[in-house]
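# Coordinate analysis (summary)
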Amino acid sequence: MNKKTAKGPLIPYLFWILLFVIAPIALIVYYSVLDLNGDFTLANYVKFFTPVYLKMTLSSFWYAFLITVFTLLFAYPTAYLLTKTKNKQLWLMLIIIPSWINLLLKTYAFIGIFGLSGPINAMIKVFGFDPKQILFTDFSFVFVSVYIFIPFMIIPIFNSLDKMNPSLVFAARDLGASSWTTFRRVIFPLTIDGVKSGIQVTFIPALSLFMITRLIAGNQVITLGTAIEQQFLVSQNWGMGSTIAVFLILFMILTMLVTKQKSKGGRA
Amino acid sequence: MKKLSAASKAYLVLIFVILYAPIFYLIFYSFNSGGNMNNFESFTLEHYKAVFADSRLIVILINTVIVALLSGLIATVIGTLGAIGIVSIKDKKMRNTLLSLNNVLIVSPDVVIGASFLILFTMVGVKLGFASVLVSHVAFSVPIVVLMVLPKLLEMNTSLLDAARDLGATKRDVLTRVILPYIAPGIFAGFFMALTYSLDDFAVTFFVTGNGFSTLSVEIYSMARAGISLTVNAISGLVFAVTLIIVIGYYFISKRTKSNAAEGQR
């Protein structure tokens, strides 16, 4: 803004960065090379590459992938149709409101809904089938996670659809493109940045979910997040927990790189 | 504009129903005199009374609100100053580095933030409880405030500042009478977001909360793990009502500031 502006306002902010951004990452890396007695070791890293942990990492990725795909599959059409409504800002607001209700409460609701004598099973019984155990399965885990993430996927896609110049769509149609071709060649590429942000806010948290796994999936599903929580708060093995956290951070950076957006000059 | 087809409308309705069904399901059974979420016996307010009679729960509610308000306030101050500082940096590399560091906590998984803060507090010797929860909520709210304030600062016309200085304004005057009023909507939005993040946070709080201190999220988690309790339903009814009031209030305030801004441009 101006060369004469003092650096004074930055001091508390820099202090915050040092203490709560740099120090925590450094501490996680430091603890990842400590054993239970606090001595230096690389054993945690060796352990991470044993089949037990590799399998867990793989399944964590698989679930995060499923959750992201289903969230995108349901969110994209919703965002698209929302942009076509009258009062679209109001409808968007209505989509956002549920995301402001405490996450734990929404998850808790599904304990009742999916329960053996809950409404879903009541419906199954009406159709003459036996009640099924829905709770504590991977289906319920994926469903609840998708439910939680949908608003966060809709918002960025809605924004990029909203910013899109509609004359491009008209032009494509005038030139004879079918609806599907228009979507595939014009609309989707133009909104890819929104999709990427949506994937970022879904995939990374989905890798690290731990309370939904505990409440909804029983102990059927173990994600990297569950493992970290387990190591830190139950086993009290901070070293191993930190090692898993280091890998989670690496996966996060990888996800960010893959979904990196081409900066179009805008913000510095 | 083309009208939506019936199928499109049905799809949207379905999404809305799915989004709201669990919430209304909870609220509906909060009035159930039976002890479960399956068959509705008769209407009762006993679960709401139970919430207000449970002094422990009330203390937790108050804790949650205090932490949210305080952390939101502190984070807003630090974040706003930080944003003002960032835009004043000339060196582009330095600025980008700061912005990247700013985003680390936003994109980091909650579990990693929680675990690393737990290590930090233990090493520094902060007792787990109110202080550690408050500090971590401030910590993860600061970058959100920065991101809300920054665009306002960037869109500000620098000639406004030059004009103020030419007219003899001191640095302090420029800050309090030119910059702050201009970026006020951003600051307000930042505070509001920080508030919601704090109220909603579970994972980070879960790691840094001690035995004697709890927030609503953590409490609901332990109640839900113990099984269904209609007290939780009553809490959700209250939370939904409060959320709606806040959202409606926010909607009107943002509408008003928007129309004010539109008028100001004319």
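What counts and what doesn't
Residues numbered from 1 in each chain as written. Chains lettered and ligands numbered in written order. Predicted model: local features only at pLDDT ≥ 70, side-chain atom pairs only at ≥ 80, totals over all residues. Heavy atoms only, no water. Contact = heavy atoms within 4.5 Å. Buried area = accessible area lost by both parts, 1.4 Å probe. Salt bridge = Lys/Arg side-chain N within 4 Å of Asp/Glu carboxyl O. Polar contact = N/O pair within 3.5 Å; in protein donor to acceptor, adjacent residues only side chain to side chain. Helix = DSSP H or I, 4+ residues; strand = E, 2+ residues; numbered from the N terminus. Nonpolar A, V, L, I, M, F, W, Y, C, P; charged D, E, K, R; others polar. Core = buried A, V, L, I, M, F, W, Y, C linked by side-chain atoms within 4.5 Å. Buried < 20%, exposed > 50% of the residue type's maximum accessible area, 1.4 Å probe, protein only. Expected span 1.5 Å × (residues − 1). Bend = angle between axes of the 7 residues up to and from the residue. pLDDT = per-residue confidence, 0-100.

## Here we look at the interface of chain A and chain B
Buried accessible area, meaning the area lost when the parts come together, often serves as the stated size of an interface. On the side of chain B, 87 residues touch chain A, which itself brings 78 residues to the contact. Summed over both sides, the interface of chain A with chain B buries roughly 7600 Å², with 80% coming from carbon and sulfur. Inspection of the region where chain A meets chain B yields zero salt bridges. Counting across the chain A and chain B interface gives twelve residue pairs in polar contact (both at pLDDT 80 or more). Considering each element in turn, the side of chain A that touches chain B owes the most residues, 16 residues, to helix α1 (residues 10–32) of chain A. The residue makeup of the side of chain A that touches chain B, split by class, is 59 nonpolar, twelve polar and seven charged.

## Considerations on the nonpolar core
Note on soluble globular proteins: their nonpolar side chains tend to be buried together. Y13(A), W16(A), F141(A), I228(A) and F117(B) are the most contacted members of the largest nonpolar core, which has 154 residues in total. Looking at this core, the element that brings in the most residues is helix α7 (residues 138–163) of chain A, giving 13 residues. Discounting chain neighbours no more than four positions away, the residues touching W16(A) are V21(A), I78(B), N102(B), L105(B), V138(B), A139(B), V142(B) and P143(B).

## Considering helix α1 (residues 6–29) of chain B
Each α-helix winds once per 3.6 residues, and so residues spaced three or four apart point in a common direction. Residue and element names in this part refer to chain B. Here α1 spans 33 Å end to end across 24 residues, near enough to the 34 Å set by a 1.5 Å rise per residue. For α1, the principal kink sits at A21 and spans about 40°; a proline, P22, occurs within the next four residues. Buried residues of α1: S8, L12, I15, F16, L19, Y20, P22, I23, Y25, L26, I27 and Y29, and no others.

## Concerning unusual backbone geometry
Residues and elements named next belong to chain A. In this structure, F136 takes a positive phi of about 65° despite not being glycine. With respect to the element layout, F136 can be found in the loop between α6 (119–126) and α7. One non-glycine residue, Q236, lies in the positive phi region at around 60°. By secondary structure assignment, the location of Q236 is in the loop between α12 (224–234) and α13 (238–258). Here Q236 falls in the partly exposed class, since its relative accessible area comes to 48%.

## Regarding the confidence of the model for chain A
On average, residues of chain A score 89 in pLDDT, and 95% of them reach the 70 mark or higher. Counting interchain partners and residues more than four positions distant, the pLDDT-below-50 stretch residues 1–5 of chain A has ten contacts.

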